[in-house]
Amino acid sequence: MAAETQTGGSERQIVVFSLGTESYGVDIASVREIIVMQRITPVPRTPEFVQGIINLRGRVIPVLDLRKHFGFDVKPPDEDQRIVVTDVDGEIVGIIVDSVFSVMRVPDSAIEPPSPMVTGPEAQYLIGIAKTEDRLIILLDIAKIITDAEKRMLKEMDLAHAVLDEGDS
Amino acid sequence: MAAASIEDSEEFRIFLDELGEMVELTEANLVELEKSPGDPGLISEVFRAMHTIKGGAATLGLEDGVKVTHAMETVLDEVRSGSRHLDSSMVNLLFSVLDWLKLWREALSTGLSRPSPVSLLEAIGAFSPSKAAGPTGNSLSGTGGSETRLPPPLEEAIENALAQGKTPAVLKVKFRREAPFLSVRAFQVITYADEIADVLGSIPSTEEIERDAVGEELSVYFTPAEKGEAVVRAVSSVTDVTLASVEPVDQSRAQEVDETSPAPEELEPPAHGTAGEPPVQAEPTTATGVPGGRSAGDSGSVADGGREFQGQSEEAPEDTGERGTGNRGGSKQAEAVAPAQHAPLVRKTDLGKTVRVDVSLLDFLMDTVGELVIQRTRLTQIASKLQAADETAATGQDIGTLAAHLQRISQELQEGIMRARLLPLKNIFAKFPRLIRDLSVKCGKQIRFEMSGEDTELDRTVIEAIDDPLIHILRNAVDHGIETPEERRRKGKPPGGVIRLSAWHQENHVLIQVEDDGAGVDVEKVKESAVKKGLLSSEDVSKIDEKQALELIFLPGFSTAEKPTEVSGRGVGMDVVRENLERVNGTVEVRTRRGQGTTVTMRLPLTLAIMRALLVLAGGWIYAVPTSSVEEVVDFSGDDLQTIQGKPTIVVRGKVFPLISLQGVLEGAMWNVGKSCQYALLTRNGKSLMALAVDDLLGEEEIVVKEMGRLLSRVRGVAGATILADGDPAVILDVNYLV
């Protein structure tokens, strides 16, 4: 049903952000808003990539550090950092990125399928690569990132339980 | 025609709700009826429930439901009128009717195939040999109208009218043979007649018409006789009326040989949505009572329990002018509440005092009020900041006053909304008498089940959460608690056991207790079983006392029953009970005395979304600890710290408590009590107390509990989050799971 009326085929709108030296993009449909960095309350007993919780207009949402999730080096906080608030099936999760460039329209024809070019830990979340005039944008599957984070949480927390229980007896 | 979308309609959903409620209510009433057979109040309630269901089913064209309830209603009516006894076989029949209705409801709501009513109808039919199961016109048998005599109330009404010098007359109407919706037509005739003249009564009576006891003939008695012509004109417009005539009453009384032996008439639900519905509930009219303006129209639902309708259909009589001004001496109530002239037919009784509200709306309101509370707290803070500086002190004062007002208002609002979320425990208690009854029959045990406090109210989420645990505990009481009659006799106990379910308020908690006078828990067996299952070493087991041993039954995978029985089932155990309760901040405790019985007590918070909490500082972050789980706060920033086996402890009034660092326990090093720690919270950790060391206390506040999303919903020891006055979120700790 999606309109594909534009001449020259359909296009996507993506939010482009940076992480380390790369540019990444996520579909704008799964992004609710982009907010500036703020104080994040840590939640104990969660894996390191769970940065904590913030108050988003009365709603408490978890915030993930994408660098830590991908296993990149940790970067000290700076003014460019943003929290990309994503909404996947009603689950609101904030994602910390180094900076946000823009929202871009990318024609489908400019998107190439996943290639072995991307080899980092983020490769498993890859949808494709968008080529624009000045750069390559790695398109990420935000839903997969979130569900994967959930799985990791459960796994790491179970381990933590086991350790706790041991220490208990 | 309309069948395609009926399942989506609001009416359908309301009907399902109502059906569920009625079935539960009736179940409870039946269990009561077994104890006090023949209680007329209970019988009427059961009857009314059937009637209500029938009405709803008929409106929606759910034929099977109409048939079943109608058949049952017919049998019950005989009980009600005293011509039949309610014996145990009939109670059992009623239970099967309820079971069928449950299945049917389930099928309706899930869209699965619906149960067949055939065998059930046969069973019911067996109870009413005089009339086949199913709606039949048994019009006058009950009221003795088959003689030349009129029914006494009508007789009396006519006498009275004559005595007052009025001129009674009778309108005789014949309907087309086998016309559908005869009862609706009969109502229409009576209504139209009543709009023009004063109706004294009718044969069949309005009560009988309600029960579909309508034949092809209808006699309506009215005054004054002069209006006869107008009445005939009006009722002639009613569909399927083939003949209408008026006679003065003395003459007709002599001839009143009532051959109204109406042909059995299958009740047809208005599946095709044409004119009329089957008649639905209305209170029996009194002696001189007139069915004041009762009518069934072409649209809308049927007057339910209200005598006060003046419905208007397309076939309304021409002489509208007379309506409303007409002499309606007999229907005073009608006038008092008579709706506006062109008012559509509505279910009057439902418009009374309650409104059904979607739970999500309540949740939304709750959240919004929570926001309001937070903003108000901020305002208070701003006010005190302003007051602190000289140049803004006056403004600060004003804002402070404002904030105080706001606080009162928001508090009232909050309390109101929380009250709206409360439901009486009746909602889940109602089914327990039946449950116990069935289980005790299955187990061959005699059990008296007593219930109290079912009006106690709790937040709906809490109610939902305790439903399964309660069922489990009650099952346990029947299956493992109460002994068989023989066994009880051997022990010198009365053969019948008692299970008592009670609920009551205690401060801001509700306690729910299940008590039995059965065998009690065999603690040694519990220990043995724990060892056998590898939950505990035999060495450990020898060290624990009885209380601790009882705690073992809450361990996952524990069950003392040698073999899982059909009643107790398998899989679900007390561990699930505890887990369910803890999810809503509740606790459960078991006490037992060998040979004398077991008491299980659940302790539940009244409401969920807002709680009082201590705000504490640990490792530089603020945490909220529910006040309900803190017994005491101790300032130990001096001396009391001691070490036993390398673990810190504190002594409070001669008692020794292990001292656990909050920051430490959150980071995985719980014995690491930092120098910064000043206070200790004595908190319940399961059954025992522990001292939780924190850096600072920031006060006690009402906090709004917020969810943190699915990602963080399963963090051990973390119950949720709240938003502090400065807007920062803080983690709410669940001390039961900290260690």
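Counting from 1, residues in each chain are numbered in the order their sequence is written. Key to labels: chains lettered from A, ligands numbered from 1, both in the order written. Totals for whole chains, interfaces and linings use all residues, but because this is a predicted model, local features are given only for residues with pLDDT of at least 70 and pairs of side-chain atoms are given and counted only at 80 or more. Excluding hydrogens and water, the side-chain figures rest on all heavy atoms present in the structure.

Bringing the overall build of chain B into the picture now. If you tally the helices and strands in chain B, you get 22 helices and 22 strands. Here the term buried applies to any residue with accessible area under 20% of the maximum for its type, exposed to any over 50%, and partly exposed to those in between, with areas from a 1.4 Å probe on protein chains only. Counting only residues that meet the buried cut, chain B has 50% of its 739 residues in that class. Any pair of residues with heavy atoms lying within 4.5 Å of one another is described as a contacting pair. Nonlocal contacts in chain B, meaning residues at least 24 apart in sequence, comprise 69% of its contacts between residues at least 6 apart. Surface exposure of chain B reaches about 34100 Å², of which carbon and sulfur atoms provide 51%. Numbered from the N terminus, helices here are DSSP runs of H or I no shorter than four residues, and strands are runs of E no shorter than two. Residue-level accessible areas treat just the shown protein chains as cover; the underlying method is Shrake-Rupley with a 1.4 Å probe.

We now examine the overall build of chain A. What chain A contains, in helices and strands, is two helices and 11 strands. The N-to-C order of helical and strand elements in chain A reads β-β-β-β-β-α-β-β-β-β-β-β-α. Each of the 169 residues in chain A was classed as buried or not, and the buried ones make up 47%. Considering only residue pairs separated by 6 or more positions, chain A has 55% of its internal contacts joining residues 24 or more positions apart. Carbon and sulfur atoms provide 51% of the accessible area of chain A, an area that totals close to 8800 Å².

A separate point is the pattern of salt bridges. Residues and elements named next belong to chain B. Whenever a carboxyl oxygen of Asp or Glu lies within 4 Å of a side-chain nitrogen of Lys or Arg, that contact is scored as a salt bridge. Tallied over the full model, the rule gives 32 salt bridges over all chains. Arg500 serves as the salt-bridge partner of Glu515, at 3.8 Å between the closest nitrogen and oxygen. Of this pair, Glu515 sits in strand E9 (residues 509-516) while Arg500 sits in strand E8 (residues 497-506), placing them 15 residues apart in sequence. Note that Arg591 is salt-bridged to Glu589, the shortest N-O span being 3.7 Å. Residue Arg591 is classed as partly exposed on the basis of its relative accessible area, which comes to 47%.

Here we come to the packing of helix H12 (residues 359-388) of chain B against helix H13 (residues 393-420) of chain B. Residues and elements named next belong to chain B. Each axis is a line fitted through C-alpha atoms, and for a helix only the stretch in contact is used; angles between axes span 0 to 180 degrees, taken between their N-to-C directions. Remark: H12 packs on H13, axes separated minimally by 8 Å, with the N-to-C direction vectors making an angle of 160°. When the interaxial angle is binned, H12 and H13 end up roughly antiparallel. Here the hand of the crossing between H12 and H13 comes out left-handed. We call two directions roughly parallel when the angle between them is under 35 degrees, roughly antiparallel when it is over 145, roughly perpendicular when it lies between 65 and 115, and oblique otherwise. With the far helix as reference, a near helix turned anticlockwise by less than a right angle produces a left-handed crossing, and one turned clockwise produces a right-handed crossing.

With that settled, consider helix H2 (residues 40-59) of chain B. The span you would expect from a helix comes to 1.5 Å times its residue count less one. In this model H2(B) runs 28 Å from its N-terminal to its C-terminal C-alpha over 20 residues, within 8% of the 28 Å that 1.5 Å per residue would give. Nitrogen and oxygen atoms within 3.5 Å of one another constitute a polar contact, given that in protein one can donate a hydrogen and the other can accept it, and given that sequence-neighbouring residues count only through two side-chain atoms. N-cap assignment for H2(B): the residue whose side-chain oxygen lies 2.8 Å from the backbone N of B:Gly41 is B:Asp39.

This part takes up the interface of chain B and chain A. Contacts between chain B and chain A engage 29 residues on the former and 29 residues on the latter. Here the quantity called buried area is the accessible surface, traced with a 1.4 Å probe, that two parts lose on coming together, added over both. Here chain B meets chain A over a buried area of about 2600 Å², counting both sides, of which 63% is carbon and sulfur. When residues of chain B are sorted by the area they lose upon contact with chain A, B:Trp621, B:Leu711 and B:Arg716 head the list and together hold 29% of the total. Along the contact surface separating chain B from chain A lie two salt bridges. With its nearest N and O atoms 3.1 Å apart, the salt bridge here joins B:Arg710 to A:Glu150. Between the two partners, chain B and chain A, sit seven residue pairs in polar contact (both at pLDDT 80 or more). Elements supplying a minimum of two residues to the side of chain B that touches chain A: H12, strand E13 (621-626), helix H22 (662-667), strand E21 (718-723) and strand E22 (729-733) of chain B. Ten residues, namely Ala, Val, Leu, Ile, Met, Phe, Trp, Tyr, Cys and Pro, are considered nonpolar, four, namely Asp, Glu, Lys and Arg, are considered charged, and the remaining ones, Gly among them, are considered polar. Its residues assigned to classes, the side of chain B that touches chain A comprises 18 nonpolar, three polar and eight charged.

The terminal C-alpha atoms of H13(B), which comprises 28 residues, lie 40 Å apart, in line with the 40 Å expected from a rise of 1.5 Å per residue. Residues B:Gly396, B:Ala403, B:Ser410, B:Gln414, B:Ile417 and B:Met418 constitute the buried set of H13(B).

Now for the sheet that holds strand E2 (residues 22-27) of chain A. Backbone hydrogen bonds hold the strands of a sheet together, and the pairing may be parallel or antiparallel. All names here are of chain A. Ordered by their spatial adjacency, six strands build an open sheet running E8-E1-E2-E11-E10-E9, and the pairing between neighbours is mixed. Sheet topology places strand E8 (99-107) and strand E9 (111-112) at the edges, where each strand pairs with a single neighbour. What makes two strands pair is DSSP finding at least two bridges between them. Here E9 runs beside strand E10 (residues 126-131); their pairing, made up of two bridges, is antiparallel. Note that in E10 the partner of Ile111 across the bridge is Ala130.

Turning our eyes to something else, we now look at the pairing of strand E1 (residues 11-19) of chain A. Residues and elements named next belong to chain A. The sheet contact formed by E1 and E8 spans eight bridges and is antiparallel. Bridge pairing links Phe17 to Val100 in E8. What sits between the antiparallel neighbours E1 and E2 is a turn of two residues, in which Gly20 has the positive phi angle 65°.

Once that is clear, we can look at the sheet that holds strand E4 (residues 241-248) of chain B. Residues and elements named next belong to chain B. In spatial order, the strands read E2-E3-E1-E4; together these four strands make up an open sheet with antiparallel pairing. Both outer strands of the open sheet, strand E2 (198-203) and E4, are each paired with one neighbouring strand and no more. Neighbour-to-neighbour, the strand axes of the sheet open up by a mean angle of 20°, direction not taken into account. Relative to strand E3 (residues 217-223), strand E1 (residues 169-175) is paired through six bridges, and the arrangement is antiparallel.

In this section: the nonpolar core. We define a nonpolar core as any set of buried Ala, Val, Leu, Ile, Met, Phe, Trp, Tyr and Cys residues linked to one another through side-chain atoms lying within 4.5 Å. In this structure, A:Leu140, B:Leu662, B:Leu712 and B:Leu738 are the most contacted members of the largest nonpolar core, which totals 56 residues. Contact partners of B:Leu712, with chain neighbours within four places excluded, come to A:Val43, A:Thr46, A:Val50, A:Ile53, A:Pro62 and A:Met153. B:Ile428, B:Phe449, B:Ala477 and B:Val510 belong to the second-largest nonpolar core, a separate cluster that totals 48 residues.

Here we take up a nonpolar patch on the surface. Residues and elements named next belong to chain B. Residues forming no salt bridge and having over 30% relative accessible area are the ones grouped into patches, like charges within 9 Å of each other and nonpolar side chains (Val, Leu, Ile, Met, Phe, Trp, Tyr) within 5 Å. Taken together, the side chains of Val355, Val357, Leu361, Phe364 and Leu365 make up a nonpolar region of the molecular surface, amounting to roughly 470 Å² of accessible area. Turning to its location among the elements, Leu361 is positioned in helix H12. Classification of Leu361 by relative accessible area gives partly exposed; the value is 42%.

Now for the environment of A:Asp65. All names here are of chain A. Of note, Asp65 is situated in strand E5 (residues 59-65). Exposure remark for Asp65: the relative accessible area of 10% places this residue in the buried category. When the C-alpha atoms of Asp65 and Phe49 are compared, they prove to be 5.2 Å apart, with 16 residues separating the residues in sequence. Once residues within four sequence positions are removed from consideration, Asp65 is found in contact with Phe49, Gln51 and Ile96.

Now for the packing of aromatic side chains. In this description, an aromatic ring pair is defined by two values, namely the gap between the centres and the angle between the planes. By convention, a stacked pair of Phe, Tyr or Trp rings (six-membered ring in the case of Trp) has centres within 6.5 Å and planes under 30 degrees apart, an edge-to-face pair has planes over 60 apart, and any other such pair is tilted. The final tally for this structure, using the stated rule, is seven aromatic pairs over all chains. On the basis of an interplanar angle of 80° and a centroid distance of 6.1 Å, the ring pair of B:Phe15 and B:Trp104 is categorised as edge-to-face. Taken together, the residues span a long stretch of sequence, with B:Phe15 in helix H1 (residues 10-35) and B:Trp104 in helix H4 (residues 88-110) at a distance of 89 residues. Exposure remark for B:Trp104: the relative accessible area of 1% places this residue in the buried category. Aromatic pair B:Trp100 and B:Trp104: ring centres 5.5 Å apart, planes at 15°, arrangement stacked. With B:Trp100 and B:Trp104 both in helix H4 and four residues apart, the pair spans about one turn of that helix. Taken individually, B:Trp100 and B:Trp104 each receive the classification buried, so the pair is uniform in this respect. Each residue in the set A:Phe17, A:Tyr24, A:Phe70, A:Phe72 and A:Tyr125 is aromatic and connected to the rest through ring pairs, giving one cluster.

It is worth spelling out the environment of B:Leu60 at this point. Residues and elements named next belong to chain B. Looking at the secondary structure, you find Leu60 in the loop between H2 and helix H3 (63-80). By relative accessible area, Leu60 is classed as buried at 9%. Separated by 51 residues in the primary sequence, Leu60 and Ser9 place their C-alpha atoms 9.8 Å from one another.

This next bit is on the side chain of B:Thr191. Residues and elements named next belong to chain B. Within the secondary structure layout, Thr191 lies in helix H7 (residues 182-196). Exposure remark for Thr191: the relative accessible area of 0% places this residue in the buried category. At a separation of 2.6 Å, a polar atom in the side chain of Thr191 contacts the main-chain carbonyl oxygen of Phe187.

Segments scoring low in pLDDT should not have their predicted coordinates read at a detailed level. Residues and elements named next belong to chain B. Of all residues in chain B, 77% have pLDDT values of 70 or greater, and the mean over the chain is 75. Across chain B, element-level confidence peaks in E22 with a mean pLDDT of 94 and bottoms out in helix H11 (residues 332-337) with 39. Low confidence marks residues 131-148, where pLDDT is under 50. Its contacts with residues over four positions away, or in another chain, come to 48 contacts. Here residues 251-350 scores under 50 on pLDDT; set against residues more than four positions off or in separate chains, the count is 212 contacts. What pLDDT expresses is the predictor's confidence in each residue, scored from 0 to 100.

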